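Given next are the chains, with one letter for each unit.
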Amino acid sequence: METQEEKLQSLVAQIGKPFEEVMAQTRHRQDYLVKPPGSLGRLEDISAKVAGITGKVKTPISKFAIAVMCADNGVVEEGVASAPQSVTLAQTINFTRRLTGVGTMAKHFNIPLLVIDVGVAMPIPDALYTENMIGEDGRIPTEIVNRRLADGTCNLARKPAMPREDAVKAILIGIEAAKAIKDSGADAFGIGEMGIGNTTSSSSVLCALTRIPAEDAVGRGGGLKDEGLKKKVAIVREASKRCIEEGYDVLDILANVGGYDICAMTGAFLGAGIYRLPVVVDGVISIVAALAAKAVSPNITDFMFASHKSKEPGYEAAMNALGLYPLFDLRMRLGEGSGCPIAFNILETASSIICEMATFEEGEINDDYMTEIREKNLFN
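Small disclaimer: the values here were computed from a predicted structure and weren't measured.

Explain the overall build of the chain residue by residue, including any values.
Looking only at helices and strands, the chain has 15 helices and eight strands in total. Relative to the compact-globule value of 21 Å for 380 residues, the chain shows a C-alpha radius of gyration of 21 Å, a close match. The C-alpha extent of the chain, read off along each of the three principal axes, is 70 × 45 × 45 Å. Sorting the 380 residues of the chain into buried and exposed places 54% on the buried side. Carbon and sulfur atoms make up 50% of the accessible area of the chain, which totals about 16100 Å².

Right, dumping it as structure tokens:
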């Protein structure tokens, strides 16, 4: 009988490479659109990358979704969070009411939120739960999806956050979420989270994967005071050191110092590759999960688009390790997936250009004057 880890390996093996020929065709068409070649900059890069994912030069992108992974982190026992753990419960519920930051944006843009409890510590009323990630009508449910693996993680400062098998289960939940979003008809999706204490968990994972000093990765999160920040740095330093000295692989790192939310997010990023969907990375928690996904499957970044430049200290190190670039910088640091709706509009703009903008020939414009510019690559 196939184990959970074997199931994960077989799913990850399905992640393919970009359609390079289609990307080249997209670049060629862009050079002949009624504009100076390359003049739309990164919008052209985006449409070419999307073409590599979908295998189509013209890929309409207009339907989106956001997966929000919710879980608590036992390390809050150490005083490394400014907010009480009850906030995780309250905000998980408030996502469904569209009262949070990302909830408000999602309501405004009519974007479904797939809210998943993978390890919220406090009980959620049964009436707010569903067991299905997609409804009989093919839509993402408005309730909280119950995939709770535990009542939060253990305290990573004192013991492993979770068993390795639980980390694998959470990753598979994330992959399941990506499939549900694909089945709902979304053209692209984003990944966010909610979990008090998860900046400590994500910083520990980041330092273990990149070996950067804890001081360069740890921030104040939601507003931690100096004493708490000092303790947080020490905990991250020791936790990541343990992982490095033991020679842990990425699954062991996630199990030892990660969170159920981070593991599920890692799975959702892998699911983007498995089901060939463009996926948007949010802030620092999301980008650490993206980095963990890259450690599992190196070419998964071919499916990723980074939204905003987070103000959290570890963000730049994670971004550099991924080899991506943020689409915008609004000095955001909320999390939840709040950067995704804004990024979706940029993806949709890039899509509309490649799908609807005419070439010189289609617009009946003589472009002989462009021949030398193209041949000598004068637009770069």
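Describe the sheet that holds strand β6 (residues 279-281), with residues and values.
Spatially, eight strands are ordered β3-β4-β2-β1-β5-β6-β7-β8 in an open sheet, and the strand pairing comes out parallel. With partners counted over all chains shown, the strands left at the sheet margins are β3 (129-130) and β8 (326-328), one partner each. Two strands pair when backbone bridges link them, and β6 and strand β7 (residues 304-308) are joined in this way by three bridges, in the parallel orientation. Bridge pairing in β7 places Val-281 opposite Ala-306.

Describe the packing of helix α3 (residues 42-54) against helix α14 (residues 340-356), with residues and values.
α14 packs onto α3 with a crossing angle of 80° between their chain directions and a minimal axis gap of 9 Å. Looking at the two axes, α3 sits roughly perpendicular to α14. Residues Leu-43, Ile-46 and Ser-47 of α3 lie in contact with α14, whose contacting residues are Ile-346, Leu-347, Thr-349, Ala-350, Ile-353 and Ile-354. Split by residue class, the contact of α3 with α14 holds seven nonpolar, two polar and no charged.

Requested: an account of the pattern of salt bridges, with residues and values cited.
Following the criterion strictly, the structure yields 14 salt bridges and no others. One salt bridge in this structure joins Arg-147 and Glu-176, with 2.9 Å as the shortest N-O distance. Separated by 29 residues along the polypeptide, Arg-147 in the loop between β4 (144-146) and α6 (164-183) and Glu-176 in helix α6 bring together distant segments of the chain. By relative accessible area, Arg-147 is classed as buried at 18%. For Lys-179, the salt bridge identified is with Asp-183, shortest N-O distance 2.8 Å. Of this pair, Lys-179 and Asp-183 both sit in helix α6, separated by four residues, roughly a single helical turn. The class of Lys-179 is partly exposed, set by a relative accessible area of 37%. With a relative accessible area of 43%, Asp-183 lands in the partly exposed category.

Residue-level account of helix α2 (residues 20-31), with values.
For α2, built from 12 residues, the straight-helix expectation of 16 Å at 1.5 Å per residue is met to within 8% by its first-to-last C-alpha distance of 17 Å. The complete set of buried residues in α2 reads Val-22, Thr-26, Arg-29 and Gln-30. Burial along α2 is one-sided: seen end-on, the buried residues are contained in an arc of 100°. In α2, the exposed positions that point more than 90 degrees away from the buried face belong to Glu-20 and Glu-21.

Quick one: what's the story with the environment of Asp-117, residue by residue and with numbers?
Take Asp-117: it is sitting in strand β2 (residues 113-119). When the C-alpha atoms of Asp-117 and Asp-151 are compared, they prove to be 9.9 Å apart, with 34 residues separating the residues in sequence. Within the local environment of Asp-117, its side chain forms a polar contact with the side chain of Tyr-129, the two groups lying 2.4 Å apart.

Which residues make up the side chain of Thr-199, and what values do they have?
By the element assignment, Thr-199 lies in helix α7 (residues 198-210). Contacts of Thr-199, omitting those with residues within four sequence positions, involve Gly-221, Lys-232 and Ile-285.

I'd like a description of the packing of α7 against helix α10 (residues 250-257), backed by residues and values.
One can describe the packing of α7 onto α10 by two numbers: an axis separation of 9 Å at closest approach and a directional angle of 150°. The orientation of α7 with respect to α10, classified from their angle, is roughly antiparallel. When you trace α7 past α10, the crossing you get is right-handed. Together, Ser-201, Ser-204, Val-205, Ala-208 and Leu-209 of α7 and Val-250, Ile-253, Leu-254 and Val-257 of α10 make up the contact between the two elements. For the contact of α7 with α10, the per-class residue count stands at seven nonpolar, two polar and no charged.

Which residues make up the packing of aromatic side chains, and what are the values?
Applying the stated criterion across every chain, the model contains two aromatic pairs. Relative to Phe-344, the ring of Phe-64 has its centre 4.4 Å away and its plane inclined at 10°; by these criteria the two rings are stacked. Of the two residues, Phe-64 is situated in strand β1 (residues 64-71) and Phe-344 in helix α14; the sequence distance between them amounts to 280 residues. Relative accessible area serves as the criterion here: at 1%, Phe-344 is assigned to the buried category. On the basis of an interplanar angle of 80° and a centroid distance of 6.3 Å, the ring pair of Phe-360 and Tyr-369 is categorised as edge-to-face. According to the relative accessible area criterion, Phe-360 is buried, its value standing at 4%. A cation over a ring is seen here: Lys-49 above Phe-305, with NZ or CZ 4.9 Å from the ring centre.

About the criteria used
- Think of each chain on its own: its residues are numbered from 1, step by step along the sequence as written.
- Restriction of local features to residues with pLDDT of at least 70 applies here, the model being predicted, together with a cutoff of 80 or more for giving and counting side-chain atom pairs; totals for whole chains, interfaces and linings are based on all residues.
- Values reported for side chains reflect all heavy atoms of the structure, with hydrogen atoms and water molecules removed beforehand.
- Each helix is a run of DSSP H or I of at least 4 residues and each strand a run of E of at least 2, with the numbering of both proceeding from the N terminus.
- The globule rule used here is 2.2 Å times the number of residues to the 0.38 power, and the radius of gyration it is set against is calculated over C-alpha atoms.
- Three labels apply to residues, based on accessible area from a 1.4 Å probe with only protein chains included: buried if under 20% of the type maximum, exposed if over 50%, partly exposed otherwise in between.
- Every accessible area reported is derived by Shrake-Rupley at a probe size of 1.4 Å, with residue values counting cover from the shown protein chains alone.
- Here, any two strands with at least 2 DSSP bridges between them count as paired.
- For helices, the fitted axis covers only the stretch in contact; all axes are lines through C-alpha atoms, and the angles between them, taken along N-to-C directions, range from 0 to 180 degrees.
- Here roughly perpendicular refers to angles of 65 to 115 degrees, roughly parallel to angles under 35, roughly antiparallel to angles over 145, and oblique to all remaining angles.
- In this description, contact between two residues means that some pair of their heavy atoms is separated by no more than 4.5 Å.
- We call Asp, Glu, Lys and Arg charged. Ala, Val, Leu, Ile, Met, Phe, Trp, Tyr, Cys and Pro are nonpolar, and the rest, Gly among them, are polar.
- Criterion for a salt bridge: a side-chain nitrogen of Lys or Arg within 4 Å of a carboxyl oxygen of Asp or Glu.
- Helix span, as expected, comes to 1.5 Å for every residue beyond the first.
- By arc we mean the arc of the directions from the helix axis to the C-beta atoms, nothing more.
- Definition of a polar contact: a pair of N or O atoms within 3.5 Å, with one able to donate and the other able to accept a hydrogen when the atoms are protein atoms, and with sequence-neighbouring residues admitted only if both atoms are side-chain atoms.
- For a crossing to be left-handed, the near helix must be turned anticlockwise from the far one by less than a right angle; the clockwise case is right-handed.
- Centres within 6.5 Å make a pair out of two Phe, Tyr or Trp rings, where for Trp the six-membered ring is used; the pair is then stacked when the planes are under 30 degrees apart, edge-to-face when over 60, and tilted otherwise.
- Counting as a charge over the ring demands two things of the Lys NZ or Arg CZ atom: a distance within 6 Å of the ring centre and an angle within 35 degrees of the ring normal.

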